[in-house]
Amino acid sequence: MPHVTLPIDPDGYIVEVMVGLNGAATANLLAAGQPIPAPLLLRGAIDSGTDVTCVDVQVLNRFGLSPFHRLSSTTAAGVITASLYEVSFSIPRIGRLTAPLMVLDQLVVMELSQAPQGIPVLVGRDVLEHLMMITDGPRAEFTLAD
Amino acid sequence: MTIHRPTKIHYSELRPSQREGEKDVEWETYRREVGRLIADGHESKWVLIKDDTIIGVFNTLEEVREEGYRRYFPERFLIHQIQTWERVYCIRNYC
């Protein structure tokens, strides 16, 4: 089973993720002869308390994406309406992996207007549903497996 | 102390979009029209909206998504499932 073991960072369960244009947008740009923005390697924090994976809005803007969906979300100020985007999302080849741990060519993510410092991606339960995750507290490490 | 966190929201209580610097025309159109769409029997179907116009109602997410991308990408458009009660999602630091 492909897996990778990573240290538990002071910021939490940190994993590098790749975010890029979704498959449909890429196909449309290719058909139009337009350049394809390269995907970005970003620092993500795994957060099992988050329903939907969130990405810093500044990252989303770099791909020229428009929000195509909305959802209601709880905040300290009550319920708000947040914008959703569709991106490609992967956990790339890291550690001893010989291939990416996971690749999703379309994942609906919520924009984060104020991302935590240095953490542009919150990896939510929608992504964790595709993986197995084991935490080893005494060794301060965790393992992700496909 | 128990903290009350809503898990569903009625369509009549949907909030305006929080996007900065621009009016979310499509979302405001949905908020205005959702009651009529439900009354017309479109509960659980998917609506495609561009600017202040309802382009169509579709049975599945795949259908509405394909039509939205085909017609409007890379311009903005809205697809949304028509529901009397919508789920309220939880995001870290907010719950």
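Residues numbered from 1 in each chain as written. Chains lettered and ligands numbered in written order. Predicted model: local features only at pLDDT ≥ 70, side-chain atom pairs only at ≥ 80, totals over all residues. Heavy atoms only, no water.

### A few points about the overall build of chain A
Part 1: Assigned secondary structure in chain A consists of three helices and 10 strands.
Part 2: Each helix and strand of chain A, placed in order from N terminus to C terminus, yields the pattern β-β-α-β-β-α-β-β-β-β-α-β-β.
Part 3: Relative to the globule expectation of 15 Å for 146 residues, the C-alpha radius of gyration of chain A, 16 Å, shows essentially globular dimensions.
Part 4: For chain A, the spread of C-alpha atoms along the three principal axes comes to 50 × 45 × 25 Å.
Part 5: Considering chain A as a whole, with its 146 residues, one finds that 53% of them fall into the buried category.
Part 6: Element-wise, carbon and sulfur atoms account for 52% of the exposed surface of chain A, whose accessible area totals about 6700 Å². (Helix = DSSP H or I, 4+ residues; strand = E, 2+ residues; numbered from the N terminus. Rg over C-alpha atoms; globule rule 2.2 N^0.38 Å. Buried < 20%, exposed > 50% of the residue type's maximum accessible area, 1.4 Å probe, protein only. Areas by Shrake-Rupley, 256 points an atom, 1.4 Å probe, with all protein chains shown as cover.)

### A word on empty space enclosed by the protein
Part 1: Going through the model one piece at a time under the given rule, you end up with one cavity of 30 Å³ or more.
Part 2: The space that makes up the largest cavity amounts to roughly 100 Å³.
Part 3: Surrounding the largest cavity, Leu65, Ser66, Pro67, Phe68 and Glu86 of chain A together with Tyr69, Phe73, Pro74, Glu75, Arg76 and Phe77 of chain B form its lining.
Part 4: Across the lining of the largest cavity, the residue classes tally to seven nonpolar, one polar and three charged. (1 Å grid on protein atoms, 1.4 Å probe; cavity = no way out; pocket = protein on both sides within 12 Å on 5 of 7 lines; lining within 4 Å. Points joined across faces, edges and corners; volume = space filled by probe spheres on them. Nonpolar A, V, L, I, M, F, W, Y, C, P; charged D, E, K, R; others polar.)

### Describing helix H1 (residues 25–39) of chain B
Part 1: Along its 15 residues, H1 of chain B runs 22 Å from first to last C-alpha, staying within 8% of the 21 Å computed at 1.5 Å per residue.
Part 2: At Glu33 of chain B, H1 of chain B shows its largest kink, close to 50°.
Part 3: Listed in full, the buried residues belonging to H1 of chain B are Glu26, Trp27, Thr29, Tyr30, Glu33, Val34, Leu37 and Ile38 of chain B.
Part 4: Considering only its buried residues, H1 of chain B is in contact with strand S5 (69–75) and strand S6 (78–91) of chain A together with strand S2 (46–50), strand S3 (53–58), strand S4 (78–81) and strand S5 (85–89) of chain B.
Part 5: Positive phi shows up at Gly41 of chain B, right after H1 of chain B, with a value of about 90°. (Expected span 1.5 Å × (residues − 1). Bend = angle between axes of the 7 residues up to and from the residue. Contact = heavy atoms within 4.5 Å.)

### Topic: the packing of aromatic side chains
Ring pairs (aromatic) are described by centroid distance and by the angle formed between their planes.
Part 1: In the structure shown here, the tally under the stated rule is six aromatic pairs over all chains.
Part 2: Aromatic pair Phe68 of chain A and Phe77 of chain B: ring centres 6.4 Å apart, planes at 65°, arrangement edge-to-face. On the criterion of chain membership, the pair formed by Phe68 of chain A in the loop between helix H2 (57–62) and S5 and Phe77 of chain B in the loop between helix H2 (61–72) and S4 is interchain, its members lying in two chains. Both residues of the pair, Phe68 of chain A and Phe77 of chain B, count as buried. (Phe/Tyr/Trp six-rings, centres within 6.5 Å; stacked < 30°, edge-to-face > 60°.)

### What about the pattern of salt bridges?
All names here are of chain A.
Part 1: Per the stated rule, a full pass over the model turns up 16 salt bridges over all chains.
Part 2: For Asp11, the salt bridge goes to Arg43, with nearest N and O atoms at 3.1 Å. Within this pair, whereas Asp11 is found in the loop between strand S1 (3–7) and strand S2 (14–21), its partner Arg43 is found in strand S3 (residues 40–46), the two being separated by 32 residues in sequence.
Part 3: Note on Arg43: relative accessible area 28%, which makes it partly exposed. (Salt bridge = Lys/Arg side-chain N within 4 Å of Asp/Glu carboxyl O.)

### Some remarks on the sheet that holds S3 of chain B
Residue and element names in this part refer to chain B.
Part 1: Read from one edge of the open sheet, three strands run S3-S2-S4, paired in antiparallel fashion. In the strand order of this sheet, the two ends are held by S3 and S4, each with one partner. Neighbour to neighbour, the strand axes of the sheet diverge by 25° on average, direction disregarded.
Part 2: Where S2 and S3 come together, five bridges link them in antiparallel fashion. What sits directly across from Leu48, in S3, is Gly56. (Pairing = 2+ DSSP bridges. Axes fitted to C-alpha atoms, helices over the stretch in contact; angles between N-to-C directions.)

### Regarding the interface of chain B and chain A
Much of the literature gives interface size as the accessible area that the parts lose upon coming together.
Part 1: In this complex, chain B contributes 32 residues to the contact, which on the side of chain A involves 33 residues.
Part 2: Taken together, the links from chain B to chain A amount to three salt bridges.
Part 3: Residue Glu86 of chain A is joined to Arg65 of chain B by a salt bridge in which the shortest nitrogen-to-oxygen separation is 2.7 Å.
Part 4: Between the two partners, chain B and chain A, sit 14 residue pairs in polar contact (both at pLDDT 80 or more).
Part 5: Mapped onto the side of chain B that touches chain A, the elements with two or more residues apiece are H2, S4 and S5 of chain B. (Polar contact = N/O pair within 3.5 Å; in protein donor to acceptor, adjacent residues only side chain to side chain.)

### Description of the sheet that holds strand S10 (residues 141–145) of chain A
Residues and elements named next belong to chain A.
Part 1: Strand order in this open sheet of three strands is S1-S10-S9, and the pairing throughout is antiparallel. Since the sheet does not close on itself, it has two edges, and those belong to S1 and strand S9 (132–136), each with one partner. Mean inter-strand twist for the sheet, computed between neighbouring axes without regard to direction, equals 20°.

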